[in-house]
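A closer look at the structure
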Amino acid sequence: GDSVTQTEGQVALSEEDFLTIHCNYSASGYPALFWYVQYPGEGPQFLFRASRDKEKGSSRGFEATYNKETTSFHLQKASVQESDSAVYYCALGNTGANTGKLTFGHGTILRVHP
Amino acid sequence: GPKVLQIPSHQIIDMGQMVTLNCDPVSNHLYFYWYKQILGQQMEFLVNFYNGKVMEKSKLFKDQFSVERPDGSYFTLKIQPTALEDSAVYFCASSLRRGPLYFGEGSRLIVV
C-alpha cells in the first residue's frame, strides 16, 4: 500500500537557520503530495501541495518540489522563526475526484529556539 | 480561515458504552472525513462521506463505527460498543471537491 516516510522525528534549530525536513513516498500511480502543519492545541493546517513532477509548492516561506525520480517532497525554509515551531506532516493522496483520503507520515516536531 | 469545530474536545468512557463525536464542518463544504491518531502514531484515514453516503472506508472503520449527517446538522462518528483500542484522537475534516482538507482540533477519546 501507499506510505510516507519522514526521516526526522525531531528537529531543533535556532532562529534564522535553514530548515530541511525529508519526505519520501511510495505509491502506485501518480499521487498528489501535501505538507500540513499542526500547532499545539490545533488541528493540522494545509500548507501547500504539488500534483505533478517538478512542480513546486510553497506557502509562508516554506517550499517543496515534487521529485518523481527520487520519490521525494522535502520541505525547506531559508530562515526559520520561533513561531514556526510545530509538527509538520508530509502526506500523499490520489489525484481523482476525492483527494481527501490522505496517507500521512509520522510527523516531524520542529523546535526553533530564539 | 475556515474553521471546523469538534465537540467534545475530550471524553472518557467505559468500555462497551456508546460514544458520539460531533463535527461542525466548514459551511459550504461538501466532503467530510474522519481520521484517527493513536498517541505516537501517524494520522490514519477512517472514512469519507459525501451526499449522504459513505464513499470509502478503511479497514480501521470497524462494524462498530457509523457516520451520518442528518439534515445538514453535525457530521457524527458513532462507536457502539467502544473497545480499549478505540482510544485515540479523532480528527474531523471537510473540503470542497478537489480542495484541501480543513481539520478540526480533534476529539480525544479515552476508553477505560
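Above this text sits the structure in question.
Keep in mind it's a predicted model, so treat the numbers as computed, not measured. (Residues numbered from 1 in each chain as written. Chains lettered and ligands numbered in written order. Predicted model: local features only at pLDDT ≥ 70, side-chain atom pairs only at ≥ 80, totals over all residues. Heavy atoms only, no water.)

1. Quick notes on the overall build of chain B
To keep things clear, this is the line we draw: Secondary structure is summarised from DSSP: a helix means a run of H or I of at least four residues, a strand means a run of E of at least two, and numbering begins at the N terminus for each. Between the two quantities, the radius of gyration covers C-alpha atoms and the globule rule is 2.2 Å times the number of residues to the power 0.38. Partly exposed residues are those whose accessible area sits between 20% and 50% of the maximum for their type, while under 20% is buried and over 50% is exposed, using a 1.4 Å probe and protein chains only. Working rule for contacts: check all heavy atoms of both residues, and any pair within 4.5 Å makes them a contact. Accessible areas in this description were obtained via Shrake-Rupley with a 1.4 Å probe; residue shielding takes into account the shown protein chains only. Lys and Arg are tallied as positive, Asp and Glu as negative. Neither His nor the chain termini are counted. Throughout, a charge is located at the NZ atom of Lys, the CZ atom of Arg, the CG atom of Asp or the CD atom of Glu.
From N to C terminus, chain B includes 0 helices and 11 strands. Written out in order from the N terminus, the α and β elements of chain B read β-β-β-β-β-β-β-β-β-β-β. For chain B, the C-alpha radius of gyration of 13 Å lies close to 13 Å, the compact-globule estimate for 112 residues. Across the 112 residues in chain B, those meeting the buried criterion constitute 47%. Within chain B, counting contacts between residues at least 6 apart in sequence, those at least 24 apart form 53% of the total. Of the roughly 5900 Å² that chain B leaves accessible, carbon and sulfur atoms contribute 51%. Of the side-chain charges in chain B, 11 are positive and 10 negative, and the distance between the mean point of each set is 7 Å.

2. Re the sheet that holds strand S8 (residues 62–65) of chain A
All names here are of chain A. Filter applied, for reference: Note on pairing: two strands pair once DSSP finds at least 2 bridges between them. Fitting a line to C-alpha atoms yields each axis, with helices limited to the stretch in contact; the angle taken between N-to-C directions then spans 0 to 180 degrees.
Pairing is antiparallel in the open sheet, where 4 strands are placed in the order S3-S9-S8-S7. Two strands close off the open sheet at either side, each with one partner strand: strand S3 (19–21) and strand S7 (56–59). When strand polarity is set aside, the average angle formed by the axes of neighbouring strands in this sheet is 20 degrees. In the sheet, S7 pairs with S8 via 4 bridges, with the strands oriented antiparallel. When the bridges of S8 are listed, Ser-59 appears paired with Phe-62.

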